[in-house]
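The primary structure of each chain is shown beneath.
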Amino acid sequence: MTTDWQKIYKNKKILITGHTGFKGSWLAIWLAKLGADVIGYSLDPISNECLFELAELNNKMKDIRGDIRDAVKLQTVFEQYQPEIVFHLAAQPLVKQSYRDPVNTYEVNVMGTMNVLEAIRKTPSVKAGIMVTSDKCYDNKEWVWGYRETDPMGGYDPYSSSKGCCEILISSYQHSFFPIDSYNKHGKLIASVRAGNVIGGGDWSLNRIIPDCVRSLLSGQSIKVRSPQSVRPWQHVLEPLSGYLKIGAYLYEGKTQYAQGWNFGPESDSVTTVQQLVEKIVMQWKDGTWEVDTSYSTEHEAKLLSLDINKAKYNLDWHPKWDIDQTVYYTIEWYKLYKEVDVYELCLKQISDYEK
């Protein structure tokens, strides 16, 4: 069922950075379903098995390859296509990779975000920008309670701190170039959105729990688990995307109260340990074993992280729809079926189930 805010996207020009990635591909499929004219700007997909390739999204949207560090090319794309709403998802998204290549992580995540913000500022057609950061942008004290949007930014590892930097950068642009009190002059609204650990079909990234589990299960090997007692706010990828889309529609309509930071995560009963998640995956797969991986490096990773989502629940009327069991069900169902069915149609079916 299409709601009023979803109808905003029909025939609108929407630009997604990072559209060949996991979340970007799901967002492109959902926007295409809503009737949007989708333009993507991204690096090449990481493999032939990634969601973008399997769903043949290059035939369903304008597929432009480019690096967000290339400010000139990015600005040219904005000028050529004149997008009305921008979703910025392009990033170096992995903690472990940020230890191996911190310079690239900061260049992509911070300067890449700067380039997108500048393109938004210089392009008159853009009315709304949804800047995707991460739940790891907060200065994580490993508290038992969730982080609120007003808590300090920070980050122990290079990835997390780069996302904290992005939040400060976005806030600066909000105040310096897109202040709410002069919205009638500049006509632009931006928001930052922060999500927990998203899972779902079509993710094949390295050092992520679902792809690692699926690769092991498909090959008949025991799943190697690095930190079984680490706690994370697992949620299906469609959960935060529904929040991003709702924010984007409201910003496009000029609802200035939504131009701020927002957390999107699961209800507290879906915040579980890695071990609990893996056990649910094995149960849903109906086969497989797991064991603790004692060979991984000792680089720091937070053991406890969750988000307070009350602001989105009460001020945006956004609520998680799927609990941890439904999340695992739809995720594993995708991996069980993807070789046998039309992947694009499979994704559309799961989006329709989520919209009910």
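Quantities reported herein were computed from a predicted structural model and do not represent experimental measurements. (Residues numbered from 1 in each chain as written. Predicted model: local features only at pLDDT ≥ 70, side-chain atom pairs only at ≥ 80, totals over all residues. Heavy atoms only, no water.)

**Some remarks on the overall build of the chain**
Next, step 1: Looking only at helices and strands, the chain has 13 helices and 12 strands in total.
Next, step 2: Taken over the C-alpha trace, the chain has a radius of gyration of 19 Å; the compact-globule value for 356 residues is 21 Å, and the two agree within 12%.
Next, step 3: Along the three orthogonal principal directions, the C-alpha set of the chain runs to about 60 × 45 × 40 Å.
Next, step 4: Expressed as a percentage of its 356 residues, the buried residues of the chain come to 60%.
Next, step 5: Across the chain, contacts joining residues at least 24 apart in sequence account for 80% of those joining residues at least 6 apart.
Next, step 6: About 14,900 Å² of surface is accessible on the chain, with carbon and sulfur atoms providing 50% of the total.
Next, step 7: Counting 40 positive and 44 negative side-chain charges, the chain places the averaged centre of each group 4 Å from the other. (Helix = DSSP H or I, 4+ residues; strand = E, 2+ residues; numbered from the N terminus. Rg over C-alpha atoms; globule rule 2.2 N^0.38 Å. Buried < 20%, exposed > 50% of the residue type's maximum accessible area, 1.4 Å probe, protein only. Contact = heavy atoms within 4.5 Å. Areas by Shrake-Rupley, 256 points an atom, 1.4 Å probe, with all protein chains shown as cover. Lys, Arg positive; Asp, Glu negative; His and termini not counted. Charge placed at Lys NZ, Arg CZ, Asp CG, Glu CD.)

**Observations regarding helix α9 (residues 238-252)**
Next, step 1: Taking 1.5 Å of rise per residue, 15 residues should cover 21 Å, and α9 covers 21 Å from first to last C-alpha, within 8% of that figure.
Next, step 2: Where α9 terminates, the next one or two residues include G254, which has phi positive at roughly 85°. (Expected span 1.5 Å × (residues − 1).)

**Points about the pattern of salt bridges**
Next, step 1: For the structure on display, the rule yields 19 salt bridges.
Next, step 2: The partner of D203 in a salt bridge is R208, and the shortest N-O contact between them spans 3.2 Å.
Next, step 3: Residue D203 is classed as buried on the basis of its relative accessible area, which comes to 2%.
Next, step 4: Using a relative accessible area of 22% as the deciding quantity, one classes R208 as partly exposed.
Next, step 5: Here the salt bridges share partners, and the residues they tie into one network are D44, D63 and R65. (Salt bridge = Lys/Arg side-chain N within 4 Å of Asp/Glu carboxyl O.)

**A look at the sheet that holds strand β3 (residues 62-65)**
Next, step 1: Strand order in the open sheet formed by 7 strands is β3-β2-β1-β4-β5-β6-β10, with parallel pairing between adjacent strands. Of all the strands in the sheet, the pair left with one neighbour each is β3 and β10 (261-264). The sheet shows a mean angle of 20° between the axes of neighbouring strands, taken without regard to direction.
Next, step 2: Bridge count between strand β1 (residues 13-17) and strand β4 (residues 85-88): 4 bridges; the pairing is parallel. The residue of β4 that forms the bridge with T17 is H88.
Next, step 3: Packed onto the sheet, helix α1 (residues 22-33) meets β1, β2 (37-42), β4, β5 (128-132) and β6 (189-195) and runs at close to 170° relative to β1. (Pairing = 2+ DSSP bridges. Axes fitted to C-alpha atoms, helices over the stretch in contact; angles between N-to-C directions.)

**Some thoughts on the side chain of T123**
Next, step 1: Within the secondary structure layout, T123 lies in the loop between α5 (102-122) and β5.
Next, step 2: Ignoring sequence-local partners within four residues, the contact set of T123 consists of Q75, F78, Q82 and K188.

**Some words on the state of the cysteines**
Next, step 1: Across all of its chains, the model carries 0 disulfides by this definition.
Next, step 2: We note that C137 lacks a disulfide partner, and the nearest cysteine sulfur, in C166, lies 9.3 Å from it.
Next, step 3: Free cysteine C166: the closest other cysteine sulfur is in C165, separated by 7.0 Å. (Disulfide = S-S within 2.5 Å.)

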